[in-house]
Amino acid sequence: MYAVYRRPFIVPYAQCDCNEKLKLSAALKEAQQVSMEHCDQLGIGNRYLLSLNMVFLLAKIHIDITRMPRGGETLAIETVPYLPVRAIYPRVTTLYGEKEEPLMRIDSRWTLVNTQTGRILRRPPEGLPLPFTPTPQDFSDVKIAAPASLQPLEQVRVRYCNLDSNHHLNNGEYADLVCNCLEQELLEGWETAAFTILYHHEAKLGQTICLEGARQENIRYIRGTLDQGPCFESEVILQKRRE
């Protein structure tokens with residue numbers, strides 16, 4: 001029996017935006033939450049992996065949104081991990097509505113990293129229990145086409161409350177950085193239909209992320225860089241808000 005984890009999810013009002021819809025960052029954090037709960041259930045949680053000098057780190061995420069959940073809705077959230085392909089561990093987390101209709105599909109790609117060397121482990125260590133689903137052959141890579149030129153947007157400093165347990169900028173916080181760059185559109189009747197982010201280099205306490213962006217029709221590209229190089233890049237597909 002392959003590993004599937006599912007539980008109810010009541011959309012927190014405190015994690016909604018000014019349109020009473022779940023923030024993109026909150027959706028990413030909830031997906032991270034159920035992923036870690038599932039790993040705990042399987043006996044390969046963060047504490048166990050750290051005892052072996054290993055940790056799962058996010059590399060890429062792609063989200064398709066049919067409808068952004070509203071505050072107070074009772075949903076189901078389900079997460080399915082897949083066996084690694086060339087050191088990448090896919091995990092798909094889906095939010096389902098009351099009629100079992102899929103509202104959001106979050107396709108995340110993880111790497112298993114040695115905490116002492118910082119290197120990606122190309123194969124799972126012998127004896128590590130991984131009752132994961134075999135990865136389908138039609139799983140496509142998560143990619144972004146970078147524009148030829150970018151415009152500077154703003155600079156953001158990483159503060160204490162932005163950090164996660166690995167002392168890096170929390171994965172969900174990147175979505176807030178991106179959405180803040182799109183605040184004019186999001187306040188004027190647009191919403192996110194799809195979101196892709198590639199994590200290149202973790203941002204740490206005190207570092208400054210320089211944000212740049214480009215627009216093409218309903219597509220927005222946002223890139224963040226650190227002094228030592230690229231931090232992340234993201235692509236947002238916008239659509240007119242549906243009430």
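Here, the structure is the one placed above.
Owing to the predicted nature of the structure, the values given are computational and were not obtained by experimental measurement. (Residues numbered from 1 in each chain as written. Predicted model: local features only at pLDDT ≥ 70, side-chain atom pairs only at ≥ 80, totals over all residues. Heavy atoms only, no water.)

So, on to the packing of aromatic side chains. Within a pair of aromatic rings, the relevant descriptors are the distance that separates the centres and the angle that separates the planes. Using the criterion set out here, one finds four aromatic pairs in the structure. Between Tyr174 and Tyr199 the ring centres are 5.1 Å apart and the planes differ by 80 degrees, which places this aromatic pair in the edge-to-face class. Here Tyr174 is found in helix α3 (residues 173-181), whereas its partner Tyr199 is found in strand β7 (residues 190-199), with 25 residues between them in sequence. Exposure class is identical for Tyr174 and Tyr199. Each is buried. Taking the centre distance of 5.3 Å and the plane angle of 75 degrees together, the rings of Tyr174 and Phe232 count as edge-to-face. Highlighted residues: Tyr174 in helix α3 and Phe232 in strand β10 (residues 229-240), separated in sequence by 58 residues. Note on accessibility: Tyr174 and Phe232 belong to one class, buried. Through successive ring pairs, a cluster of aromatic residues spans Tyr174, Tyr199 and Phe232. (Phe/Tyr/Trp six-rings, centres within 6.5 Å; stacked < 30°, edge-to-face > 60°. Helix = DSSP H or I, 4+ residues; strand = E, 2+ residues; numbered from the N terminus. Buried < 20%, exposed > 50% of the residue type's maximum accessible area, 1.4 Å probe, protein only.)

So, about the sheet that holds strand β5 (residues 102-114). Ordered by their spatial adjacency, 10 strands build an open sheet running β1-β3-β4-β5-β2-β7-β10-β9-β8-β6, and the pairing between neighbours is antiparallel. Edge strands, defined here as strands with exactly one partner in the open sheet, are β1 (5-10) and β6 (151-157). The sheet shows a mean angle of 25 degrees between the axes of neighbouring strands, taken without regard to direction. Note that strand β4 (residues 89-96) and β5 share eight bridges and pair antiparallel. Directly across from Pro90, in β5, lies its bridge partner Arg109. (Pairing = 2+ DSSP bridges. Axes fitted to C-alpha atoms, helices over the stretch in contact; angles between N-to-C directions.)

A word on the side chain of His38. Among the structural elements, His38 can be located in helix α1 (residues 24-42). The exposure class assigned to His38 is buried, which follows from its relative accessible area of 0%. Ignoring sequence-local partners within four residues, the contact set of His38 consists of Ala3, Val4, Tyr5, Thr79, Pro81 and Arg91. (Contact = heavy atoms within 4.5 Å.)

Attention now moves to the pattern of salt bridges. On inspection of all chains with the given rule, the structure shows 12 salt bridges. With its nearest N and O atoms 3.0 Å apart, the salt bridge here joins Glu73 to Arg67. We classify Glu73 as buried; its relative accessible area is 18%. Taking the relative accessible area as the measure of exposure, Arg67 reaches 29% and is therefore partly exposed. Between Glu185 and Arg220 there is a salt bridge; the shortest N-O distance is 2.7 Å. Residue Glu185 is located in helix α4 (residues 183-187), and its partner Arg220 is located in strand β9 (residues 219-226); the two are separated by 35 residues in the primary sequence. Under the relative-accessibility criterion, Glu185 is labelled buried at 7%. The network of salt bridges with common partners includes Arg6, Glu78 and Glu100. (Salt bridge = Lys/Arg side-chain N within 4 Å of Asp/Glu carboxyl O.)

On to the environment of Leu83. Here Leu83 lies in the loop between β3 (74-81) and β4. Residue classification places Leu83 among the partly exposed positions, given a relative accessible area of 30%. On a C-alpha basis, the gap between Leu83 and Ala203 in space is 28 Å, while along the polypeptide they are 120 residues apart. Sequence-distant contacts of Leu83, that is, excluding residues within four places in its chain, are made with Ile88, Pro90, Leu130, Phe132, Thr133, Pro134 and Thr135.

Take α3 next. Across the nine residues that make up α3, a large majority, seven, are buried. Of all the positions in α3, only Glu173, Tyr174, Ala175, Leu177, Val178, Cys179 and Cys181 are classed as buried.

In this structure the tally under the stated criterion is one cavity of 30 Å³ or more. In this structure, the largest cavity spans a volume of roughly 70 Å³. Lining of the largest cavity is provided by Leu28, Ala31, Gln32, Ser35, Leu58, Ile61, Ile106, Ser108, Trp110, Asn171 and Tyr199. Considering every element that reaches the lining of the largest cavity, the biggest residue donor is α1, with four residues. Broken down by class, the residue content of the lining of the largest cavity amounts to seven nonpolar, four polar and no charged. (1 Å grid on protein atoms, 1.4 Å probe; cavity = no way out; pocket = protein on both sides within 12 Å on 5 of 7 lines; lining within 4 Å. Points joined across faces, edges and corners; volume = space filled by probe spheres on them. Nonpolar A, V, L, I, M, F, W, Y, C, P; charged D, E, K, R; others polar.)

Nothing here speaks to function; it is geometry throughout.
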